[in-house]
Amino acid sequence: MKIEGRSSAGADVYGVDLRTIDEGGLASLKAAFADYGLLIFHEQALTPEDHIALAGRFGEININRFFEAHPAHPEIAMVRKERDQLQNIGGGWHTDHSYDVDPALGSILVARELPPQGGDTLFLNTSDAFDRLSPGFQTMLRGLRAVHSAKHIFGVQAATAAEVDGDRLGNAAAAEGLADVVHPVVVRHPLSGRPTLYVNPAFTLHFEGWTAQESEPLLRQLYAHMAAAPGVCRVRWAPGMVAFWDNRSTWHYAVNDYHGERREMHRITLEGCALEAA
Ligand code: SIN
C-alpha cells in the first residue's frame, strides 16, 4: 500500500483493495486518516454490502435521518442529483452533522454514477485553518462556543423549497424536532489532538450568547479565511472511487457544475463523539 499526501487536506491511497484489507493495512489507514483527514481510494469495486462492511471496520454506522436511503440498505444514504434538478447536496463549504450533540466522525463516499464532466468535490483542512491565525486571534476564539442547527437546511421550510426542485430531501419533521446544539469554536481533534476550527456556513447559526446579527461579521471573516486555504484538495471522481473524510478536521464542497447530467454517490456516515474545547 502506498499513501501519497497531496496536501495536508488529503492523501491518495494506492495498492489496496478495500474489500480485503488486513488488520495491518487498516491500522495504517487509520493513522493516515488522523494525519490527512481525507483518504482517496482509486479503482475500487465495492458492492453496497462491501461498503457497509468497510464502514463497520472504521466505526459505528449512523443511519441518516434526512437523505433518501438506498432501497435495500438503510445504512447507505443516497447523495444524488437528477438531470432535471438544479440544486445538489452539499453544494457549499460545510461539514456534515455539526448539528448533532456528538457530531459524526466522518463519511465514506462511493462514486456510482458520474456526469461526463464536473461534479468534483473539494476538501480543506480546518486544523490548518486554525494554525494560520495569529496567537491573539486564536486565544479570543478559544473562549467562544457556537450554536448549530439542521432546521434551516433539512426542516419544513427547506423541504418546501426542495419540493420545487424535485423532492430531494425527506423527513423534514425529524429536523424540526432536533434541538439546537452548542460546540466550542476551537475543538481538540479527537484523533490528532490538534486545535481545529469548528464552525461552518451550512449549520452554524451564531456564537453562544451573541445574536445572529452580532455573530455574522466574525463568522463571515472566519469562513473567508478558511475557504482561502492554500492546500484545497480537489477530488476528480471516477466510477468506483471512494473517499473517506473526517468531519472534524475538514470542510467539503460538492461542486454543482453539471446541470442536465445525473450524479449518484453512496454515503455511509460514522458515529462520532462529543467535542471538547482545545
Ligand atoms: C456531501 O456533502 O456529503 C456530498 C459530497 C459529494 O457529493 O461529493
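Analysis parameters
- Residues numbered from 1 in each chain as written.
- Predicted model: local features only at pLDDT ≥ 70, side-chain atom pairs only at ≥ 80, totals over all residues.
- Heavy atoms only, no water.
- Helix = DSSP H or I, 4+ residues; strand = E, 2+ residues; numbered from the N terminus.
- Rg over C-alpha atoms; globule rule 2.2 N^0.38 Å.
- Buried < 20%, exposed > 50% of the residue type's maximum accessible area, 1.4 Å probe, protein only.
- Contact = heavy atoms within 4.5 Å.
- Salt bridge = Lys/Arg side-chain N within 4 Å of Asp/Glu carboxyl O.
- Expected span 1.5 Å × (residues − 1).
- Arc of directions from axis to C-beta.
- Near = heavy atom within 4 Å.
- Polar contact = N/O pair within 3.5 Å; in protein donor to acceptor, adjacent residues only side chain to side chain.
- Nonpolar A, V, L, I, M, F, W, Y, C, P; charged D, E, K, R; others polar.

Asks: So what exactly am I meant to see when it comes to the overall build of the protein here?
Replies: From N to C terminus, the protein includes 8 helices and 16 strands. The C-alpha radius of gyration of the protein comes to 18 Å, within 12% of the 19 Å expected for a compact globule of 278 residues. The C-alpha extent of the protein, read off along each of the three principal axes, is 50 × 45 × 30 Å. Relative to its 278 residues, the protein shows a buried fraction of 53%. Contacts in the protein between residues at least 24 apart in sequence constitute 83% of all its contacts with a sequence separation of at least 6.

Asks: Could you clarify how one ought to interpret the pattern of salt bridges in this entry?
Replies: Where charged atoms from two side chains of opposite charge approach closely, those side chains can pair. Enumeration according to the criterion identifies 19 salt bridges in this entry. A salt bridge links Glu 113 to Arg 262; its shortest N-O distance comes to 2.6 Å. Of this pair, Glu 113 sits in strand 6 (residues 106–113) while Arg 262 sits in the loop between strand 15 (250–254) and strand 16 (263–270), and the two are 149 residues apart along the sequence. Residue Glu 113 is classed as partly exposed on the basis of its relative accessible area, which comes to 32%. Here Glu 208 makes a salt bridge to Arg 145, at a shortest N to O gap of 2.9 Å. With Glu 208 in the loop between strand 12 (204–207) and helix 8 (212–227) and Arg 145 in strand 8 (residues 145–148), this pair connects stretches of sequence that are 63 residues apart. Given the relative accessible area of 38%, Arg 145 is considered partly exposed. When salt bridges that share partners are traced, they join Glu 68, Arg 80, Glu 82, Glu 113, Arg 262 and Glu 264 into one network.

Asks: How should helix 1 (residues 23–36) be read in this particular structure?
Replies: Under the 1.5 Å per step criterion, the end-to-end length of helix 1 is 20 Å for 14 residues, consistent within 8% with the ideal 20 Å. Every buried residue of helix 1 is listed here: Gly 25, Leu 26, Leu 29, Ala 32 and Phe 33. Summarising the axial view, the buried residues of helix 1 lie within an arc of 125°, below the 170-degree limit, and thus occupy one face. Every exposed residue of helix 1 that faces more than 90 degrees away from the buried side is listed here: Glu 23 and Asp 35. Buried positions along helix 1 lie against strand 1 (2–7), strand 2 (10–14), strand 3 (38–41), helix 2 (48–58) and strand 14 (242–246). Of the residues trailing helix 1, Gly 37 is marked for its positive phi of about 75°.

Asks: Honestly, the site of the ligand in this entry has me stumped. Any pointers?
Replies: In the vicinity of the ligand, the residues found are Val 79, Ile 89, Gly 90, His 94, Asp 96, Leu 109, Thr 121, Trp 245, His 252, Ala 254, Arg 263 and Arg 267. A distance of 3.0 Å separates an oxygen atom of the ligand from a polar atom in the side chain of His 94. Residue His 252 places a side-chain N or O atom 3.0 Å away from an oxygen atom belonging to the ligand. Breaking the shell around the ligand down by element, the ones donating at least two residues are strand 15 and strand 16. In terms of residue class, the shell around the ligand is made up of 5 nonpolar, 4 polar and 3 charged.

Asks: Please clarify how helix 4 (residues 135–142) should be interpreted in this entry.
Replies: Working note: α-helix, 3.6 residues per turn, so residues spaced by three or four point in the same direction. All of the buried residues along helix 4 are Phe 137, Gln 138 and Leu 141. Summarising the axial view, the buried residues of helix 4 lie within an arc of 100°, below the 170-degree limit, and thus occupy one face. Within helix 4, the exposed residues directed more than 90 degrees away from the buried face are Pro 135 and Thr 139. For helix 4, the secondary structure elements touched by its buried residues are helix 3 (126–131), strand 10 (186–188), strand 11 (195–197) and helix 8.

Asks: Is there a simple way to explain the side chain of His 51 in this structure?
Replies: Following the sequence through the fold, His 51 ends up in helix 2. When sequence neighbours within four positions are dropped, the list of residues in contact with His 51 reads Leu 46, Ile 76, Ile 108, Val 110, His 266, Arg 267 and Ile 268.

Just distances and angles here, no functional claims.
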